[in-house]
Amino acid sequence: EAGVTQSPTHLIKTRGQQATLRCSPISGHTSVYWYQQALGLGLQFLLWYDEGEERNRGNFPPRFSGRQFPNYSSELNVNALELEDSALYLCASSPRTGLRETQYFGPGTRLLVL
Amino acid sequence: GENVGLHLPTLSVQEGDNSIINCAYSNSASDYFIWYKQESGKGPQFIIDIRSNMDKRQGQRVTVLLNKTVKHLSLQIAATQPGDSAVYFCAESGLNYGGSQGNLIFGKGTKLSVKP
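Throughout what follows, the structure given in this document is the object of discussion. (Residues numbered from 1 in each chain as written. Chains lettered and ligands numbered in written order. Predicted model: local features only at pLDDT ≥ 70, side-chain atom pairs only at ≥ 80, totals over all residues. Heavy atoms only, no water.)

**Here we look at the overall build of chain A**
Assigned secondary structure in chain A consists of zero helices and eleven strands. Going from the N terminus to the C terminus, chain A shows its helices and strands as β-β-β-β-β-β-β-β-β-β-β. Contacts in chain A between residues far apart in sequence, at least 24 positions, make up 54% of those at least 6 positions apart. Total accessible area computed for chain A in this model is approximately 5,300 Å², and 51% of it derives from carbon and sulfur atoms. (Helix = DSSP H or I, 4+ residues; strand = E, 2+ residues; numbered from the N terminus. Contact = heavy atoms within 4.5 Å. Areas by Shrake-Rupley, 256 points an atom, 1.4 Å probe, with all protein chains shown as cover.)

**Considerations on the environment of P82(B)**
Residues and elements named next belong to chain B. Relative to the helices and strands, P82 is located in the loop between β8 (72-77) and β9 (86-93). Judged by relative accessible area, which is 39%, P82 ranks as partly exposed. Put simply, P82 and E15 are 67 residues apart on the chain and 6.6 Å apart in space, counted from C-alpha to C-alpha. When residues no more than four places from it in sequence are discounted, the contact partners of P82 are E15 and V114. (Buried < 20%, exposed > 50% of the residue type's maximum accessible area, 1.4 Å probe, protein only.)

**Details of a nonpolar patch on the surface**
All names here are of chain A. Together, I12, L112 and L114 make up an exposed nonpolar region whose accessible area comes to about 300 Å². Assignment of secondary structure puts L114 in the segment after β11 (109-113). Its relative accessible area of 55% is what places L114 among the exposed residues. (Patch = residues over 30% accessible without salt bridge, like charges linked within 9 Å, V, L, I, M, F, W, Y side chains within 5 Å. Salt bridge = Lys/Arg side-chain N within 4 Å of Asp/Glu carboxyl O.)

**Digging into the packing of aromatic side chains**
Taken as a whole and assessed by the stated rule, the structure comprises twelve aromatic pairs over all chains. Judged by centre distance (5.8 Å) and plane angle (55 degrees), the ring pair of Y104(A) and F46(B) falls under tilted. Within this pair, whereas Y104(A) is found in strand β10 (residues 104-105), its partner F46(B) is found in strand β5 (residues 45-51), the two belonging to separate chains. Residue classification places Y104(A) among the partly exposed residues on the basis of a relative accessible area of 34%. For the ring pair Y36(B) and F106(B), a centre distance of 5.6 Å and an interplane angle of 40 degrees mean the geometry is tilted. Taken together, the residues Y36(B) in strand β4 (residues 32-38) and F106(B) in strand β10 (residues 105-106) connect sequence positions 70 residues apart. (Phe/Tyr/Trp six-rings, centres within 6.5 Å; stacked < 30°, edge-to-face > 60°.)

**Remarks on the pattern of salt bridges**
When the charged atoms of two side chains lie near each other, side chains of opposite charge can form a pair. This model, assessed by the stated rule, comprises eleven salt bridges over all chains. Between E54(A) and R57(A) there is a salt bridge, and its shortest N-O distance comes to 4.0 Å. Salt-bridge contacts for R57(B) lead to D49(B); the nearest nitrogen and oxygen are separated by 2.2 Å. Classification of R57(B) as partly exposed rests on a relative accessible area of 36%. Residue class for D49(B) comes out buried when judged on its relative accessible area of 9%. Connected through salt bridges with shared partners, the residues R22(A), R67(A) and E75(A) form a single ionic network.

Set out below in structure tokens:
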């Protein structure tokens with residue numbers, strides 16, 4: 001069974017540009033989560049989608065947004081990129097509603113903002 | 001604020017020894033805990049989980065212990081191998097946890113280094 005996949009693996013942007021990151025969950029999983037992992041830091045929760053709707057978001061500005069498609073894949077969009085947005089962006093998926101369910105992570109997209 | 005933290009940021013052990021990685025949590029409402037392993041350049045990999053109605057759970061070479069009285073979680077790795085070298089994160093989750101329902105709250109991580 002395929003795990004969580006993310007694309008691209010690496011992304012280089014300049015300050016002020018927009019970045020779009022993609023995630024495909026494990027087959028049968030309906031919940032998708034996005035986390036940011038800045039260099040040397042732990043994972044910070046960004047967004048949670050389930051059944052196509054945003055269920056919760058972390059303490060990030062509105063320029064971090066996303067969506068979930070009918071096939072449960074998801075996009076994370078970051079507008080007006082800032083240097084401090086450089087980080088590893090991780091996507092995770094879980095079955096059902098995500099309430100106290102194990103989350104399985106993808107390999108991440110490494111975003112570098114110059 | 002309430003968070004999940006780790007006692008030791010780094011741990012160095014000899015190959016073949018047992019490793020113990022500790023984690024403290026402060027939210028008594030948390031009822032689900034997970035340990036993840038993250039190797040350099042990769043996403044976190046699920047190791048083992050435990051729910052609050054249990055004190056201990058065993059997997060292959062790993063054991064998680066939960067002490068709800070002192071809000072402490074530990075991961076024990078038996079016969080540590082060089083391939084176990086990685087950063088280990090504990091994470092917690094709980095229903096209606098301060099508005100963060102559904103997501104996991106991660107500690108900062110402990111780096112495990114295994115000497116051959």
